Amino acid sequence: MVILKRVNDIEEYLNLKRVKGNQIGFVPTMGALHSGHISLVERCKADGGVSVCSIFVNPTQFNDKSDLEKYPRSVEGDIELLLQAGCDVLFLPDVSDIYPDGEAAMPSWDFGYLETVLEGATRPGHFRGVGQVVARLLQVVQPDRLYLGSKDYQQCMVIKKLAELTGMKELRVVICPTQREPDGLAMSSRNRRLSEGQRSVAGLIYQCLVSIQAKQGSAPFAVVQKECDDLMRAKGFVPEYIALAHADTLELLEDYKPGTPMVALIAAKIGEIRLIDNLVV
Ligand code: AMP
């Protein structure tokens, strides 16, 4: 695996690969890698061409600065996992490489409605930051295929919209399934921060999503939502939202709508740690 830190170096390296006829697959991450990230790298490799993974903890997408400071970092272990997965290139830039003229000088895109609901509403400015960094990374890596995890459902929608807004018509966005722990907890870098006690109840988020899915047709969503809220609070969670939405538009639904593609989404804090998950219903 080639490890490149400077924008010029990776541009030069990938240009050489491109002129030799290689396609480029790209997996952007913030590091503290786990099997969820590695499943994206594996899919990327299986699709052929050169596999590129980036690790960059993007300051502009953290609306909560203490979340940024406490975000887990483990580059050595990450390199080991990427080597095992057979990743071809690791891009490991500094903030000054990604934002050479400062963060404020970067263009930002308007994602409209997506910025006003769920993650957009609870994390003001978050998707602007995601848009900035992904646009910059795409400009540098110029991939043919981009691999994203459906664990970040709304982020996938935002990045697809970014590709539209920036005219990247040729870019193929590949959405990969959420990898879970045996108790259903979606793998996440943030899980590393859970105490033993918090970890022992964290699978409840997925259980709630499954119950939202299972109770379709037998109970109104408001009733299931309240049950989930009560259960989660009883175990020490503070839910930020327990929502049902149109799977294609993320329009919020007050109740199940038979025949409509739907997704259930939950964000909740346990202690200081904020977890999100979703399930197509
Ligand atoms: P992050 O490092 O959290 O920014 O995530 C980088 C990429 O990995 C994003 O596209 C995520 O959606 C994806 N990802 C994170 N967790 C998982 C998971 N449990 N399963 C599959 N993909 C994931």
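Since the structure is predicted, the reported quantities are computational estimates derived from the model, not experimental observations.

Peer 1: I would appreciate a short explanation of helix α8 (residues 153–165) in the present structure.
Peer 2: For α8, built from 13 residues, the straight-helix expectation of 18 Å at 1.5 Å per residue is met to within 8% by its first-to-last C-alpha distance of 19 Å. Buried within α8 are the following residues: Tyr153, Gln154, Cys156, Met157, Val158, Ile159, Leu162 and Ala163. Downstream of α8 by a residue or two, Gly167 has a phi angle that is positive, lying close to 70 degrees.

Peer 1: Help me understand the sheet that holds strand β5 (residues 145–149), please; the structure alone is not making it clear to me.
Peer 2: Sheets are built from strands that pair by backbone hydrogen bonding, the pairs being arranged parallel or antiparallel. The strand order across the open sheet built from six strands is β1-β4-β3-β2-β5-β6, with neighbouring strands paired in parallel fashion. Edge positions in the sheet fall to β1 (2–4) and β6 (172–176), since each has one partner strand and no second. Averaged over all pairs of adjacent strands, the angle between strand axes in this sheet comes to 25 degrees, irrespective of strand direction. Taken together, the two bridges between strand β2 (residues 24–29) and β5 define a ladder with parallel strand orientation. From the neighbouring strand, Gly25 faces β5, where its bridge partner is Arg145. Contacting β2, β3 (50–55), β4 (89–91) and β5, helix α7 (residues 126–141) crosses the sheet at an angle of about 150 degrees to β2.

Peer 1: What is the right way to look at the side chain of His126 in this model?
Peer 2: Mapping His126 onto the fold places it in helix α7. Contacts of His126, omitting those with residues within four sequence positions, involve Gln61 and Gln155.

Peer 1: Which parts of the structure should I look at to understand the packing of aromatic side chains?
Peer 2: Between two aromatic rings, the relevant description is the distance of the centres plus the angle of the planes. Taken as a whole and assessed by the stated rule, the structure comprises three aromatic pairs. When the centroid spacing of 5.9 Å and the interplanar angle of 80 degrees are considered together, the rings of Phe221 and Tyr256 count as edge-to-face. In this pair, Phe221 is assigned in helix α11 (residues 221–234) and Tyr256 in the loop between β7 (237–246) and β8 (262–270), connecting sequence segments 35 residues apart. One exposure class covers both Phe221 and Tyr256, and it is buried.

Peer 1: Would you explain the nonpolar core in this entry?
Peer 2: Grouped burial of nonpolar side chains is what soluble globular proteins tend to show. One finds Ile10, Val52, Leu250 and Leu265 to be the most contacted residues of the largest nonpolar core, which totals 46 residues. Here this core gets nine residues from one element, more than from any other, and that element is α7. Two domains share this core, each providing at least three of its residues, namely domain 1 (2–176) and domain 2 (189–280). Leaving out residues up to four positions away in the same chain, Val52 has contacts with Ile10, Leu14, Ile24, Gly25, Phe26, Val27, Val89 and Val141. With 28 residues, the next largest nonpolar core counts Leu185, Cys228, Leu244 and Ile273 among its residues.

Conventions adopted
Residues numbered from 1 in each chain as written. Predicted model: local features only at pLDDT ≥ 70, side-chain atom pairs only at ≥ 80, totals over all residues. Heavy atoms only, no water. Helix = DSSP H or I, 4+ residues; strand = E, 2+ residues; numbered from the N terminus. Expected span 1.5 Å × (residues − 1). Buried < 20%, exposed > 50% of the residue type's maximum accessible area, 1.4 Å probe, protein only. Pairing = 2+ DSSP bridges. Axes fitted to C-alpha atoms, helices over the stretch in contact; angles between N-to-C directions. Contact = heavy atoms within 4.5 Å. Phe/Tyr/Trp six-rings, centres within 6.5 Å; stacked < 30°, edge-to-face > 60°. Core = buried A, V, L, I, M, F, W, Y, C linked by side-chain atoms within 4.5 Å. Domains from an automatic or database assignment.

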